[in-house]
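Below, each chain spelled out in residue letters.
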Amino acid sequence: MSENQNLLAEQRRALIVDEVRRRGGVRVNELTRKLGVSDMTVRRDLDALARQGVLEKVHGGAVPVVEASTHEPGFEAKSALELTAKEDIARAAAALVVPGTAIAMSGGTTTYALAQRLLAVPELTVVTNSVRVADVFHVAQRGAGRAGSSTVVLTGGVRTPSDSLVGPVADQAIAALHFDVLFLGVHGISAEAGLSTPNLAEAETNRRLVRSARRVVVVADHTKWGTVGLSSFASLDQVDTLVTDTGLPADARAEVTERLRRLIVAGEDAEGGADIREAAH
């Protein structure tokens, strides 16, 4: 079977992970047919994903990794997952940002994608505890015509595997500030546990971010729904808007619409726009 040259390796691997999670396991021969690539290519992809810790290889295929509630994947491992969904979410979330406002951005690969979309928005004040997000603005401001377009405040703190700064130093800095809107990436989101993370220090820093924000916007792809980390830091009732992708199942959409004021499903229509649902409360 000929190689599918139109599918980049990172896109192909994201599809493999989604298939493994959705079905609870998949065989190599099924992936070769679905992706239109060779057996050897699939096995190389599975090797790479297993090294990242996002799935487990078994004889003839792969199964999901059973993660403890304290397991915290690194930034690089998470950055290869759900690439299309993250780009759709970033595009929809960027449309919510008004020039000249003060925003906060937590750590995570989805907020990282959002940061790249916000480079075109003038006169922002951006407070973040994400080294990666701060770097996006820093590199852009060093380029021609970008200097001074945004003011970026990077909190101090202890660095986590996802390149967020957390702990008492970060908490104290955030507590003294007030944001128009917070864009919050999450490890997990559920009706019962709300927003959660496997990192206790990050949970406290996220609580401070939520308290300091006039409006809270969660940016999370569909795979985060139903995931529960060790520590909850906010209930769904504390969230104003969820920006997610088309993979969110119908029962989850109903739950979110009932609990939140606004649900934005990025990429819902054929033109790649967003389906926006306003809750009646």
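Attention here is on the structure that accompanies the text. Please read all numbers here as calculations on a predicted model, not as lab measurements.

On to the sheet that holds strand β11 (residues 194-197). Spatially, β10-β11-β13 is the arrangement adopted by the three strands of the open sheet, whose pairing is antiparallel. Of all strands in the sheet, those bounded by a partner on one side alone are β10 (188-190) and β13 (231-234). Strand-to-strand twist across the sheet, computed as the mean angle between neighbouring axes with direction ignored, equals 35 degrees. Looking at chain direction, β10 and β11 are connected through three bridges and run antiparallel. Paired with serine 190 across the strands is glycine 194, a residue of β11. Of the strands in this sheet, β11 and β13 touch helix α9 (residues 200-212), which is tilted by about 10 degrees from β13.

The subject of this paragraph is helix α3 (residues 39-52). Its 14 residues give α3 an end-to-end C-alpha distance of 20 Å, which sits within 8% of 20 Å, the value for a rise of 1.5 Å per residue. For α3, the set of buried residues is Thr41, Val42, Asp45, Leu46, Ala48 and Leu49. Looking straight down α3, one finds that the buried residues subtend no more than 165 degrees of arc, so they occupy a single side. Turned more than 90 degrees away from the buried face of α3 sit Met40 and Arg51, all of them exposed.

Moving on to the pairing of strand β3 (residues 61-64). Bridge count between strand β1 (residues 26-27) and β3: two bridges; the pairing is antiparallel. Along β3, the bridge assignment pairs arginine 27 with glycine 61. As paired elements, strand β2 (residues 55-58) and β3 share four bridges and run antiparallel to each other. What sits directly across from lysine 57, in β3, is alanine 62. Counted along the chain from β2 to the antiparallel partner β3, the turn is two residues long, and its residue glycine 60 has a positive phi close to 85 degrees.

What follows is about empty space enclosed by the protein. Taken as a whole and judged by the stated rule, the model has two cavities of 30 Å³ or more. Roughly 30 Å³ of internal volume is contained in the second largest cavity. A class-by-class count of the residues in the lining of the second largest cavity yields five nonpolar, two polar and one charged.

Once that is clear, we can look at the sheet that holds β2. Ordered in space as β1-β3-β2, the three strands form an open sheet in which the pairing is antiparallel. The outermost strands of the open sheet, each flanked by one partner alone, are β1 and β2.

Another aspect to go through is the pairing of strand β5 (residues 124-128). Most of β5 sits out of view: four of its five residues are buried. In this structure, β5 lies alongside strand β6 (residues 150-154), joined through five bridges in parallel fashion. When the bridges of β6 are listed, threonine 125 appears paired with threonine 151.

The topology assignment puts histidine 138 in helix α7 (residues 131-142). With relative accessibility at 44%, the residue histidine 138 sits in the partly exposed group. Spatially, the C-alpha atom of histidine 138 lies 9.5 Å from that of serine 150, the residues being twelve residues apart in sequence.

Cut-offs used in this document
- Residues numbered from 1 in each chain as written.
- Predicted model: local features only at pLDDT ≥ 70, side-chain atom pairs only at ≥ 80, totals over all residues.
- Heavy atoms only, no water.
- Pairing = 2+ DSSP bridges.
- Helix = DSSP H or I, 4+ residues; strand = E, 2+ residues; numbered from the N terminus.
- Axes fitted to C-alpha atoms, helices over the stretch in contact; angles between N-to-C directions.
- Contact = heavy atoms within 4.5 Å.
- Expected span 1.5 Å × (residues − 1).
- Buried < 20%, exposed > 50% of the residue type's maximum accessible area, 1.4 Å probe, protein only.
- Arc of directions from axis to C-beta.
- 1 Å grid on protein atoms, 1.4 Å probe; cavity = no way out; pocket = protein on both sides within 12 Å on 5 of 7 lines; lining within 4 Å.
- Points joined across faces, edges and corners; volume = space filled by probe spheres on them.
- Nonpolar A, V, L, I, M, F, W, Y, C, P; charged D, E, K, R; others polar.

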